Amino acid sequence: MRIVSLLPSATEIACALGFQGHLVGRSHECDYPPGVRTLPVLTRARLDATQASQTIDTRVRELVRSGTSIYEVDAERLRELSPDVILTQEQCEVCAASPRDLEAALADWLGRPPQLISLAPQSLREVWNDLSTVAHALGAPERAKQLTARLEARVAAVAERAGRSHPRPRVACIEWIDPLMAAGNWVPELVALAGGSDVLGTAGAHSPWLAPEALAGADPDVVVVLPCGFDLARTRTELAPHLARPPWSGLRAVREGRVFVTDGNQYFNRPGPRLVESLEILAEIFHPGEFAPAHHETGWAAC
């Protein structure tokens with residue numbers, strides 16, 4: 001079984017299921033577990049992801065408006081690797097290569113084409129279902145049952161402890177800083193399981209753009225910033241200048257020091273096994289008296 005994964009979370013799923021040794025290629029963003037970094041890279045982005053949030057957003061909108069894909073697939077290298085299975089996604093054209101990006105690469109494929117497994121979870125349950133989808137495609141359905149059982153047990157343990165903690169903070173989770181976007185999909189579920197109440201996102205719905213006055217009006221007890229694709233240090237750097245001006249400067253959470261930055265790239269934005277660690281991060285932030293800061297300064301930090 002030769003596997004190519006063009007999605008970081010799918011790479012993590014395949015590895016968690018015991019198929020790391022079968023991976024023969026990856027996307028430019030697949031970096032966990034660390035061993036996958038030696039694999040051939042098959043994608044690149046048509047934008048500079050090191051630029052500021054607003055510049056990235058402007059460039060993405062330009063590409064989408066022109067009908068140009070954000071990602072390019074190395075079709076020649078892909079054919080050379082001759083995978084049996086390709087793991088990708090169709091949830092968000094901004095997040096990673098999609099089936100549309102693979103059309104040209106597969107159009108003149110010689111011989112039997114690879115099986116294409118495209119994932120599009122919007123809830124925690126659908127993430128666990130994706131474990132089963134990938135495991136079935138790779139011929140090991142029992143592995144998904146065992147892995148899912150372990151992950152669900154960890155989730156239940158955190159939720160049980162968080163449920164005993166009071167008060168439940170009103171929480172705003174921010175997925176993009178400029179322009180503002182609230183976190184949706186599985187994040188509001190994680191907030192609830194960690195003992196909080198999400199005041200901006202809707203469980204199972206795509207992340208919504210957010211008017212500045214909506215953040216000001218919500219005036220949450222806690223703000224958690226988890227930008228898509230940003231690590232902890234970059235999130236802290238990007239957020240810092242915004243805290244001194246509206247709507248941020250008027251928030252009670254800012255005045256009282258309850259704004260937290262996270263490594264959204266490694267945790268919250270990857271719908272795979274490490275969503276359990278994402279849940280633990282939220283629990284540590286919301287209820288420091290109940291949960292030891294195991295992920296402090298690696299997964300989250302006070303701003």
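Residues numbered from 1 in each chain as written. Predicted model: local features only at pLDDT ≥ 70, side-chain atom pairs only at ≥ 80, totals over all residues. Heavy atoms only, no water.

Considerations on helix 2 (residues 53-66)
1) Next: In this model helix 2 runs 20 Å from its N-terminal to its C-terminal C-alpha over 14 residues, within 8% of the 20 Å that 1.5 Å per residue would give.
2) Next: For helix 2, every residue scored as buried is listed here: Ser53, Ile56, Asp57, Val60 and Leu63. For helix 2, the angular spread of buried residues about the axis comes to 130°, placing them on one side. Set apart from the buried face of helix 2 by more than 90 degrees, the exposed residues are Arg65 and Ser66.
3) Next: Contact partners of the buried residues in helix 2: strand 7 (170-176) and helix 9 (232-239).
4) Next: Looking one or two residues past helix 2, Gly67 carries a phi angle of roughly 80°, positive in sign. (Helix = DSSP H or I, 4+ residues; strand = E, 2+ residues; numbered from the N terminus. Expected span 1.5 Å × (residues − 1). Buried < 20%, exposed > 50% of the residue type's maximum accessible area, 1.4 Å probe, protein only. Arc of directions from axis to C-beta. Contact = heavy atoms within 4.5 Å.)

Quick notes on the environment of Ile56
1) Next: Tracing the backbone shows Ile56 in helix 2.
2) Next: Considered as a pair, Ile56 and Gly257 are 201 residues apart in the sequence and their alpha carbons are 28 Å apart.
3) Next: In this structure, Ile56 is in contact with Asp48, Ala49, Gln51, Trp176, Phe230 and Arg234, ignoring residues within four places of it in sequence.

Section: the pattern of salt bridges
1) Next: Tallied over the entire structure, the rule returns 20 salt bridges.
2) Next: In this structure, Arg161 and Glu290 form a salt bridge, with 3.3 Å as the shortest nitrogen-oxygen distance. Here Arg161, found in helix 6 (residues 141-163), pairs with Glu290, found in the loop between helix 11 (275-286) and strand 12 (300-302); they are 129 residues apart in sequence, far enough to count as distant.
3) Next: On the accessibility criterion, Glu290 (28% relative accessible area) is partly exposed.
4) Next: Among the salt bridges present, the one from Glu290 reaches Arg164, with a minimum N-O distance of 3.3 Å. Highlighted residues: Glu290 in the loop between helix 11 and strand 12 and Arg164 in the loop between helix 6 and strand 7, separated in sequence by 126 residues. (Salt bridge = Lys/Arg side-chain N within 4 Å of Asp/Glu carboxyl O.)

Points about the packing of aromatic side chains
1) Next: According to the stated counting rule, one finds two aromatic pairs in the structure shown.
2) Next: Between Trp176 and Phe230 the ring centres are 5.2 Å apart and the planes differ by 50°, which places this aromatic pair in the tilted class. Of this pair, Trp176 sits in strand 7 while Phe230 sits in the loop between strand 10 (222-225) and helix 9, placing them 54 residues apart in sequence.
3) Next: Here Trp176 falls in the buried class, since its relative accessible area comes to 11%.
4) Next: Residue classification places Phe230 among the buried residues on the basis of a relative accessible area of 2%.
5) Next: With 5.9 Å between their ring centres and 70° between their planes, Phe260 and Trp300 make a pair best called edge-to-face. Placement of the pair is Phe260 in strand 11 (residues 259-262) and Trp300 in strand 12, with a sequence separation of 40 residues.
6) Next: Residue classification places Trp300 among the buried residues on the basis of a relative accessible area of 9%.
7) Next: Looking at Arg161, its charged tip hangs above the ring of Phe291, at a distance of 4.2 Å from the centre.
8) Next: Seen from the ring of Phe230, Arg234 lies directly overhead, with NZ or CZ sitting 3.8 Å from the centre. (Phe/Tyr/Trp six-rings, centres within 6.5 Å; stacked < 30°, edge-to-face > 60°. Lys NZ or Arg CZ within 6 Å of the ring centre and 35° of its normal.)

A look at the pairing of strand 11
1) Next: Judged by which residues are buried, strand 11 turns out to be covered on both faces: Val259 and Val261 on one side and Phe260 and Thr262 on the other are all buried.
2) Next: Note that strand 10 and strand 11 share three bridges and pair parallel. Across the sheet, Val224 pairs through a bridge with Phe260, a residue of strand 11.
3) Next: Bridge count between strand 11 and strand 12: three bridges; the pairing is antiparallel. When the sheet's bridge partners are listed, Val261 is paired in strand 12 with Ala301. (Pairing = 2+ DSSP bridges.)

Topic: the sheet that holds strand 5 (residues 85-89)
Where strands meet in a sheet, backbone hydrogen bonds hold them as pairs that are either parallel or antiparallel.
1) Next: On the basis of which strands lie adjacent, the open sheet formed by four strands has the order 2-1-5-6 and parallel pairing. The outermost strands of the open sheet, each flanked by one partner alone, are strand 2 (23-26) and strand 6 (115-119). Strand-to-strand, the axes of this sheet are offset by a mean angle of 20°, without reference to chain direction.
2) Next: Pairing of strand 1 (residues 3-5) with strand 5 involves three bridges; the strand directions are parallel. Within strand 5, the position partnered with Val4 by the bridge is Ile86.
3) Next: Of the strands in this sheet, strand 5 and strand 6 are in contact with helix 5 (residues 124-137), which crosses strand 6 at around 175°. (Axes fitted to C-alpha atoms, helices over the stretch in contact; angles between N-to-C directions.)

A look at the side chain of Arg270
1) Next: By the secondary structure assignment, Arg270 is in the loop between strand 11 and helix 11.
2) Next: Its relative accessible area of 4% is what places Arg270 among the buried residues.
3) Next: Within the structure, Arg270 has its side chain in polar contact with the backbone oxygen of Asn265 (distance 2.8 Å).
4) Next: In contact with Arg270, other than residues within four places in its own chain, are Pro8, Ser9, Glu12, Glu29, Asp31, Tyr32, Asn265 and Leu275. (Polar contact = N/O pair within 3.5 Å; in protein donor to acceptor, adjacent residues only side chain to side chain.)

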